[in-house]
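# Survey of secondary and tertiary structure
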Amino acid sequence: MERVPILKLGDVLIVSIQIDLQDQGVLALQEDLADAVVESGARGVIIDISAVEIVDSFIGRMLATIASISRVLDAETIVVGMRPAVAITLVELGLSLGGVRTALNLEKGVALLEDRDNARAVAVPR
Amino acid sequence: MTVHGDADRLRIETLLREQEERILKRWLDIAGAAAGGRADHGVLGGRMREIYQAMLRSLSEGDDSTDLRGLLAELSRIQAREGFTPSDTAVLVLSVKEAVYETIEASEETAALRGYIWFSKFVDDLALYTFETYVTAREKIITDQSEQLLELSTPVVKLWEGILAVPLVGTLDSARTQVVMEKLLQALVETGSEHAVIDITGVPAVDTQVAQHLLKTVAAARLMGAECVVSGIRPQIAHTIVTLGIEFGDIVTKSSLSDALAHALRQSGVQLTQGASKRVVVATERA
């Protein structure tokens, strides 16, 4: 079974899904990611799905589940690079990915996490 | 078909072949008279000869009439281009019956006369076919045009760095909204814009379906990481929306495009200040 690599960049974990995920792979990714978040103490998870052309309700739920898991572990999940066709499909399926933040591309996703951190840094000292 | 019928059919085929020149000449005369001198006799004659020969081939070879149909389709197309109505073309094809009938009457054969009934049906089919071709061609033109209209009427324009606008004009239906949605989302990806303004000033009416489409577009844009503002909501439309009980949820709505632009600029951290010399000074908050 193919495993999706999880990359660490600073305190952000980046997952780039380049293959058509099967159900088994999705479950493995969820476990791997949870382990990686705990191990690295990451505060952000970015899932890049720019190479994903086909989604179904299962993948949609996977994204929501990963977001929930990460939130429990105090890391924010950002889904980046969703293709227009994929977005339309998800909307037609009635999935809004509640609780998952999105960004147009990886760069903007990282910027989003940094923005949040800056806001936090300002708030903490007082 | 009975053996008897087959014999009749064979007889009329032979007759058509033997009297080819005579029938053709007569056919051209009748068709020319019906067209009222609008047709070019030389060209039309050549075309009719081709059709006649294809008809003979089709009759003797049985069911395979691809050749004949191709010629008829071409005839129908050319006639239409030259300004003839589809009825003119059908009459032209049908007039071969008259020419053939005259020949049969002259030959005074009962067998051929019985075969004529069958031949008449055959020609009727051909005439109907020219009509069908005409309608199909027309329909194709109409679909092409509505497709072009669809593309023309949905531009995505860039208002500012990172801010797109879609001015919608005309009635929104499912097909159009689909195109708008796809174009907008595609443009968001291509330009890397995080804000989009959907301006519905030019939309005459908003019903639940249109609202549903708008909501879907906004939701899809959100999934991709872009925020949409709906602007250009006129008082009557605001009234309709409330009366219909449509919930826009947390989607930002503005009454005018300029308000929406101001909102999008604020969201993307651009500050506008009016200078003393009344020049608008633009500064970006983020480094």
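- Taking an unreviewed UniProt entry as the reference, chain B is identified by name as Polyvinylalcohol dehydrogenase belonging to Nonomuraea cavernae.

- An unreviewed UniProt entry annotates chain A as Anti-sigma factor antagonist of Nonomuraea cavernae.

### Some points on the interface of chain B and chain A
- With 18 residues of chain B at the interface, the matching set in chain A holds 16 residues.
- Across the chain B/chain A interface, buried area totals approximately 1,400 Å², and carbon plus sulfur atoms make up 68% of it.
- Broken down residue by residue, the surface that chain B buries against chain A is led by Lys216(B), Leu223(B) and Met224(B), which jointly contribute 46%.
- Linking chain B to chain A there are one salt bridge.
- Salt-bridge contacts for Lys216(B) lead to Glu92(A); the nearest nitrogen and oxygen are separated by 3.2 Å.
- The interface formed by chain B and chain A contains five residue pairs in polar contact (both at pLDDT 80 or more).
- Of all the secondary structure elements, the ones that give two or more residues to the side of chain B that touches chain A are helix 7 (174-191) and helix 8 (208-223) of chain B.

### Some points on the domain arrangement of chain B
- According to the domain assignment, chain B contains domain 1 (3-145) and domain 2 (157-284).
- Here the C-alpha centroids of domain 1 of chain B and domain 2 of chain B sit 59 Å apart.

### Side note on the nonpolar core
- Grouped together as the largest cluster of nonpolar side chains are 64 residues, with contacts concentrated most on Ile17(A), Met62(A), Met82(A), Leu185(B), Leu188(B) and Ile200(B).
- Here this core gets seven residues from one element, more than from any other, and that element is helix 8 of chain B.

### So, the pairing of strand 4 (residues 76-80) of chain A
Residue and element names in this part refer to chain A.
- Most of strand 4 is tucked away, with five of its five residues classed as buried.
- Burial of the side chains of strand 4 extends over both faces: Glu76, Ile78 and Val80 are buried on one face and Thr77 and Val79 on the other.
- Examined bridge by bridge, strand 3 (residues 44-48) and strand 4 share five bridges and lie parallel to one another. Paired with Gly44 across the two strands is Glu76, which belongs to strand 4.
- Between strand 3 and its parallel partner strand 4, the chain crosses via helix 2 (residues 57-72), and the hand of that crossover is right-handed.
- Bridge count between strand 4 and strand 5 (residues 101-103): three bridges; the pairing is parallel. Of the residues in strand 5, the one forming a bridge with Val79 is Thr102.
- With helix 3 (residues 84-93) bridging strand 4 and the parallel strand 5, this β-α-β connection has right-handed handedness.

Criteria and thresholds
Residues numbered from 1 in each chain as written. Chains lettered and ligands numbered in written order. Predicted model: local features only at pLDDT ≥ 70, side-chain atom pairs only at ≥ 80, totals over all residues. Heavy atoms only, no water. Contact = heavy atoms within 4.5 Å. Buried area = accessible area lost by both parts, 1.4 Å probe. Salt bridge = Lys/Arg side-chain N within 4 Å of Asp/Glu carboxyl O. Polar contact = N/O pair within 3.5 Å; in protein donor to acceptor, adjacent residues only side chain to side chain. Helix = DSSP H or I, 4+ residues; strand = E, 2+ residues; numbered from the N terminus. Domains from an automatic or database assignment. Core = buried A, V, L, I, M, F, W, Y, C linked by side-chain atoms within 4.5 Å. Buried < 20%, exposed > 50% of the residue type's maximum accessible area, 1.4 Å probe, protein only. Pairing = 2+ DSSP bridges. Right-handed = clockwise from strand over helix to strand, strands pointing away.

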